[in-house]
Amino acid sequence: MKSLTRDPYKVYLNTAFLSQLFFTLIVTVNLLYQVYTVKLDPLQLVLVGTVLELTVFLFEIPTGVVSDLKSRKLSIVIGYVLIGVGFLIEGLFPYFSAVILAQIVWGIGYTFTSGARQAWIADEIGEERASEAFVRGAKIENMAQVIAIPLSIAIGYFMVRLPIIIGGVCTVGLAIYLMKNMTEENFKPIKRKKHLTAWGSMKESLEQLVIQVKVSAVMRILFLIALFVGFYSEGFDRLWVSHLSEVVNMSSVTPEKLVILTGGIQFVVVLVSFAALHVINRSSVYQKLTQIYLVLFMASVSIILSLIGFATSTSVIALLGFFVIIQVTRTIMYPLEDIWLNKIIPDSSTRATFFSVKGQADAIGQIGGAPIIGVVATRYTIKTALIVSAILLTPVLFLYRILLKRKQE
């Protein structure tokens, strides 16, 4: 009988909890650290984000194929080591060049884990139980955020970069935990022809993926949706703090109080997200594709309307309300998108590669959307840029309508 500590389902949930705990510990103060300690200007902040997205774009498919070709476990372990090292570089060396290097290192690490974790658990426990694991994992990740945000605020209040350093060390520790407890009994690597190199295998795998995407209209629509989500999300993620600062006039607020304020907002988002995911977990909404399509369609409408509301509101209460709606809705959508892709992948041996391609489509969208939103914000106003971000998301509504009309199960 398999040890409880090595049970794949338990290991997946533990990994979801710990990885989110350490990541949230870092990102709660990361932007404030870059602004107030490293003293990055707006252009440098945008460049930092662009470097990260370019790194993800360049490495998503190669690392995904490595996961399908060699080992899901190996890919995940390497990924968490690199993520931890990347954040350690950023926290220990408060220089622009170090922050850029950190984005490259942890961006590569992210691509090693992206798709590989979902593919691993689907292989080990089966597609149906994996769907349950995705939803429960998302709920547990929110629980980790509930713990991590106050902890990050408390530590960051005294030294802004300390949560980043601690989170980096702990993420490397997570990789060690997975080396000892992660099993890989049902993984079937892509069969390579004799004398075929790893790069040759990657090319062959990608050719098969292209063929499968050409055959499946649903797969094409999924990747298109990921592209448009990338278009809009970069503008919102980069500009929400600046927009809030303009409306609320936070120029006189100290960095210590900013840690408490931004952390407090994120804490509210996590609490509401936790309740929403609990409802999703108790329902049967994730069991049928048509139900998933309907929820994702309604969620997209909610984000578009809330983003316009966030851009045009002058009331602090309204701003915070719209922000919470947007973030909670996004949190609900993530596991449902994973379940959707997992259900339509034709060949389990290329599962990680498909997840990586979805991640790359999102990265392309962010790389393409950031300059557009940046130019609009610079030439006009941040308010206008946020409205443009909402408009960039609207094509997904037509794509979901197509899927609902097909009623594909």
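Keep in mind the model is a prediction, meaning the values are calculated, not measured.

(A) Structural view of the overall build of the protein chain. Regarding its fold elements, the protein chain presents 15 helices and zero strands. A sequence separation of at least 24 residues applies to 85% of the contacts in the protein chain between residues at least 6 apart. As presented, the protein chain carries roughly 17,900 Å² of accessible surface, and 67% of it is formed by carbon and sulfur atoms.

(B) Spatial organisation of the packing of helix α11 (residues 289-312) against helix α14 (residues 382-393). Relative orientation of the contacting elements α11 and α14 amounts to 170°, with a least axis distance of 8 Å. The angle between the axes of α11 and α14 places the two elements in the roughly antiparallel class. Residue-level inspection shows S300, I303, I304, L307, I308, F310, A311 and T312 of α11 in contact with α14, the latter providing K383, L386, I387, S389, A390 and L393. Split into classes, the residues belonging to the contact of α11 with α14 amount to 10 nonpolar, three polar and one charged.

(C) Fine view of the packing of aromatic side chains. Scanning the entire structure with this criterion turns up eight aromatic pairs. Residues F23 and F87 carry aromatic rings whose centres are separated by 6.1 Å and whose planes lie at 65° to one another, so their mutual orientation is edge-to-face. On the criterion of sequence distance, the pair formed by F23 in helix α1 (residues 8-37) and F87 in helix α3 (residues 72-92) is long-range, its members being 64 residues apart. Judged by its relative accessible area of 2%, F87 falls in the buried class. Each ring, one from F23 and one from W106, has its centre 5.9 Å from the other, and the planes form 55°; the classification is tilted. One end of the pair, F23, is in helix α1; the other, W106, is in helix α4 (residues 96-113), and 83 residues separate them in sequence. Taking the relative accessible area as the measure of exposure, F23 reaches 30% and is therefore partly exposed. One aromatic cluster is present, built from ring pairs that chain together F23, F87 and W106. The positively charged end of R129 is found above the aromatic ring belonging to Y9, 4.3 Å away from the centroid.

(D) Quick peek at the environment of Y80. Looking at the secondary structure, you find Y80 in helix α3. Distance in space between the C-alpha atoms of Y80 and I176 is 9.1 Å, their sequence separation being 96 residues. In this structure Y80 touches T15, S19, T113, R117, T171, V172, L174, A175 and L178, once residues within four positions along its chain are discounted.

(E) A look at the nonpolar core. Formed by 105 residues in total, the largest nonpolar core has its most connected members in W340 and Y400. Setting aside its immediate chain neighbours within four residues, W340 contacts V218, L222, I225, L289, I292, Y293, L296, Y400 and L403.

(F) Main features of a nonpolar patch on the surface. A cluster of nonpolar side chains, Y157, F158, M159, L162, I166 and I260, forms an exposed patch at the surface whose accessible area comes to about 570 Å². Secondary-structure elements contributing two or more residues to the nonpolar patch are α6 (127-158) and α7 (162-181).

(G) Seen up close, the side chain of S306. With respect to the helices, strands and loops of the structure, S306 is situated in helix α11. Among all residues touching S306, those that are not within four sequence positions of it are F322, I325 and I326.

(H) Here's a closer look at the environment of I165. Its place among the elements puts I165 in helix α7. The buried category is assigned to I165, whose relative accessible area is 17%. Separated by 74 residues in sequence, I165 and G91 place their C-alpha atoms 5.2 Å apart. Those residues in contact with I165 that lie beyond four places of it in its chain are L88, G91 and L92.

(I) Expanded view of the packing of α6 against helix α12 (residues 316-344). In contact at an axis separation of 10 Å, α6 and α12 are set at 165° when each is read in the N-to-C sense. In terms of axis orientation, α6 runs roughly antiparallel to α12. Pair α6 / α12 crosses with right-handed handedness. Contacts between α6 and α12 involve E127, E128, A130, S131, F134, V135, A138 and N142 from the former and T331, P335, D338, I339, N342 and K343 from the latter.

Criteria and cut-off values
Counting restarts for each chain, with residues numbered from 1 along the sequence as it is written. With pLDDT at 70 or above as the cut-off, local features in this predicted model cover only qualifying residues; side-chain atom pairs require 80 or more to be listed or tallied, and sums for whole chains, interfaces and linings still use all residues. Side-chain figures throughout are based on the complete set of non-hydrogen atoms in the structure, without hydrogens or water. A run of H or I in DSSP counts as a helix once it spans at least four residues, and a run of E counts as a strand once it spans at least two, with each numbered from the N terminus. Residues count as neighbours in contact if any of their non-hydrogen atoms are within 4.5 Å of one another. Exposure was quantified through the Shrake-Rupley algorithm and a 1.4 Å probe, taking into account, for residues, occlusion by the shown protein chains and nothing else. To obtain an axis, a line is fitted to C-alpha atoms, over the contacting stretch when the element is a helix, and the angle between two such axes runs from 0 to 180 degrees between their N-to-C directions. Should an angle fall under 35 degrees it is taken as roughly parallel, and over 145 as roughly antiparallel, whereas 65 to 115 is taken as roughly perpendicular and any remaining angle as oblique. Here the nonpolar group is Ala, Val, Leu, Ile, Met, Phe, Trp, Tyr, Cys and Pro; Asp, Glu, Lys and Arg are the charged ones; every other residue, Gly included, is treated as polar. Here the aromatic set is Phe, Tyr and Trp, taking the six-membered ring for Trp, and pairing holds for ring centres within 6.5 Å; pairs whose planes are under 30 degrees apart are stacked, those over 60 apart are edge-to-face, and all others are tilted. Type-normalised accessible area, obtained with a 1.4 Å probe on protein chains alone, sets the label of each residue: buried when under 20%, exposed when over 50%, and partly exposed for intermediate values. Comment: the charge-over-ring label is applied if NZ (Lys) or CZ (Arg) is within 6 Å of the ring centre and within 35 degrees of the ring normal. As used in this record, nonpolar core signifies buried Ala, Val, Leu, Ile, Met, Phe, Trp, Tyr and Cys residues forming a set joined through side-chain atoms within 4.5 Å. Only residues whose relative accessible area exceeds 30% and that take part in no salt bridge are eligible for patches, with like-charged residues grouped when within 9 Å of each other and nonpolar side chains (Val, Leu, Ile, Met, Phe, Trp, Tyr) grouped when within 5 Å. Each salt bridge in this description consists of a side-chain nitrogen of Lys or Arg and a carboxyl oxygen of Asp or Glu lying within 4 Å of one another. Note: crossing handedness is left-handed where the near helix turns anticlockwise from the far helix by less than a right angle, and right-handed where it turns clockwise.

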